[in-house]
Amino acid sequence: MTSPSPDIKITPETPIRAPSAVPVDDAVLPFEVASLDLRGRLTRLGPALDEVLTRHDYPAPVGKLLGEAIVLTTLLGSSLKFDGRFILQTQTDGPVSFLIVDFQAPDRLRAYARFDAKRLRDGQDSGALLGHGHLAMTIDQGADMSRYQGLVALEGGNLEDAAHEYFLRSEQIPTRVRLAVGEEWRGGGDGPKHRWRAGGMLLQFLPKAPERARQADLHPGDAPDGAVTHAVAEDDAWVEGQSLIGTVEDVELIDPDLSGERLLYRLFHERGVRVFAPQTLRAQCSCSREAVSGMLKSFAPKDRAEMVKDDKVVVTCEFCSSVYQFTPHEAGVEE
Ligand SMILES: [Zn+2]
């Protein structure tokens, strides 16, 4: 994935590949700012995101929220080993009551959301769409490894807030996350064409000396009046890292004409940033006629019989909307 662009000189100090001056969509770009002990990943999503979202014709606010969840999943899941799987789910009492993003390493993405159209209002942000409930992240590293699940309460905040809460409590790694989703209209012969785009960045402070990574204490909660909470001064390098990622605008994260390398250079050039080989992403469901047939056979005979309508059994995949049709006999329904 080297760039044909002639305007970037390759020098001996250049990292392991030529920086791309041309924006590359549907990829995660790992990077490092060694002088500040920072590591991170930058996701840019174009056609793959558009494919997942337009399959369902979601109202714009729902598409945007699911897009944010997809970006967050790629930032967290792309560090998984070979055949690992990362699943992000929310279950909440807001207009979007359930959403799921399923990432299968190294590159497959699928997702869907359930929502109540009657409860959608203008101006609802991601936090209002979700409401209260929880976010679960499940990591499955293959048959021989144990499954891990992390849970975060959602209390009206957005997915960036939830990610920060997760890293503070579970991983205890100083982490900042930025997520952005936008709709792009481009002129064409048949009128303007709509496309979804998204971008996101994860930045972590990973110093060799663990005491440098100490973070301010959690809110003392029900500590008695007058209790003194520890005031931990954050490390200067992490203060600088947070202030740099804080300057990233949504429009920069989704700009189709700004390459990931240029964005990283813009942010970190004074400190020196090294970019590693990108990991590409694609929208692909893992459903199949065989898998659906196997699922039907696992149902109780009575439940199978109730699925017969007009002498057939029709199952629609919630992820990709593929329709699988079976005769009652194929579905294992007895006469
Ligand atoms: Zn499917």
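Residues numbered from 1 in each chain as written. Predicted model: local features only at pLDDT ≥ 70, side-chain atom pairs only at ≥ 80, totals over all residues. Heavy atoms only, no water.

Undergrad: Honestly, the overall build of the protein chain in this entry has me stumped. Any pointers?
TA: The helix and strand tally for the protein chain stands at 9 helices and 14 strands. Considering only intrachain contacts with a sequence separation of at least 6, the fraction spanning at least 24 residues in the protein chain is 64%. Of the roughly 17,900 Å² that the protein chain leaves accessible, carbon and sulfur atoms contribute 50%. (Helix = DSSP H or I, 4+ residues; strand = E, 2+ residues; numbered from the N terminus. Contact = heavy atoms within 4.5 Å. Areas by Shrake-Rupley, 256 points an atom, 1.4 Å probe, with all protein chains shown as cover.)

Undergrad: Got a minute to help me understand the packing of helix α2 (residues 60–77) against helix α4 (residues 159–171) in this structure?
TA: When two helices pack together, their arrangement is given by the angle between the helix axes and by the axis-to-axis distance. Axis separation between α2 and α4 bottoms out at 10 Å; the angle between their running directions is 30°. Regarding the angle of α2 to α4, the classification is roughly parallel. Between α2 and α4 lies a crossing whose hand is right-handed. Packed against α2, whose contacting residues are L65, E68, A69, L72 and L76, the element α4 presents L159, A163 and F167 at the interface. (Axes fitted to C-alpha atoms, helices over the stretch in contact; angles between N-to-C directions. Parallel < 35°, antiparallel > 145°, perpendicular 65-115°, else oblique. Left-handed = near helix turned anticlockwise from the far one by under 90°.)

Undergrad: Looking at this model, I keep getting lost on the coordination of the zinc ion. Mind explaining?
TA: Put simply, the ideal angle at a metal is 109.5 degrees for four donors in tetrahedral geometry and 90 or 180 degrees for six donors in octahedral geometry. With distances of 2.3 Å, the protein atoms coordinating the zinc ion are C285 (SG), C287 (SG), C317 (SG) and C320 (SG). Along the chain, the residues that donate to the zinc ion are spaced as C-x1-C-x29-C-x2-C. Linking C287 in the loop between β12 (282–283) and α8 (289–298) with C320 in the loop between β13 (313–316) and β14 (323–326), this pair joins segments that are 33 residues apart in sequence. (Donors = N, O, S within 2.8 Å, 3.2 Å for Na, K, Ca; no water.)

Undergrad: Where do I start with the pairing of β14 in this structure?
TA: Strand residues, when the strand is regular, have side chains that alternate between the two faces of the sheet. Only one face of β14 is buried: it carries Y324 and F326, and the other face, with V323 and Q325, is open. Direction of pairing for β13 relative to β14: antiparallel, over a ladder of 4 bridges. Following the sheet pairing, V313 is matched in β14 by F326. (Buried < 20%, exposed > 50% of the residue type's maximum accessible area, 1.4 Å probe, protein only. Pairing = 2+ DSSP bridges.)

Undergrad: In this structure, what is going on with unusual backbone geometry? I would like to understand it.
TA: Omega for the bond connecting A105 with P106 falls within 30 degrees of zero, at 5°, which places this linkage in the cis form. Mapping P106 onto the fold places it in the loop between β4 (96–104) and β5 (108–115). At D26, a residue that is not glycine, the phi angle is positive and equals roughly 55°. The class of D26 is buried, set by a relative accessible area of 11%. Phi is positive for D310, which is not a glycine, with a value near 50°.

Undergrad: Sorry, what's going on with the environment of T54 here?
TA: Here T54 is to be found in helix α1 (residues 47–54). Separated by 142 residues in the primary sequence, T54 and W196 place their C-alpha atoms 8.4 Å from one another.

Undergrad: I tried to follow α8 on my own but got confused; where do I start?
TA: Helical geometry: 3.6 residues make up each α-helical turn, so side chains three or four residues apart lie on a common side. Of the positions making up α8, those classed as buried are V292, S293 and L296. Down the axis of α8, the smallest arc covering the buried residues is 100°, so these residues share one side. Exposed side of α8, more than 90 degrees from the buried face: E290 and S298 are the residues found there. (Arc of directions from axis to C-beta.)

Undergrad: Would you mind going over the pattern of salt bridges with me for this structure?
TA: Once the charged atoms of two side chains with opposite charge are near each other, the side chains can pair. Evaluated as defined, the whole model comprises 22 salt bridges. Across the pair E51 and R55 runs a salt bridge whose closest N-O atoms are separated by 2.9 Å. Between E252 and R266 there is a salt bridge, and its shortest N-O distance comes to 2.7 Å. Of this pair, E252 sits in helix α6 (residues 250–254) while R266 sits in helix α7 (residues 260–268), placing them 14 residues apart in sequence. E252 sits in the buried class, given a relative accessible area of 14%. Of the residues examined, R266 reaches a relative accessible area of 48% and is grouped as partly exposed. (Salt bridge = Lys/Arg side-chain N within 4 Å of Asp/Glu carboxyl O.)

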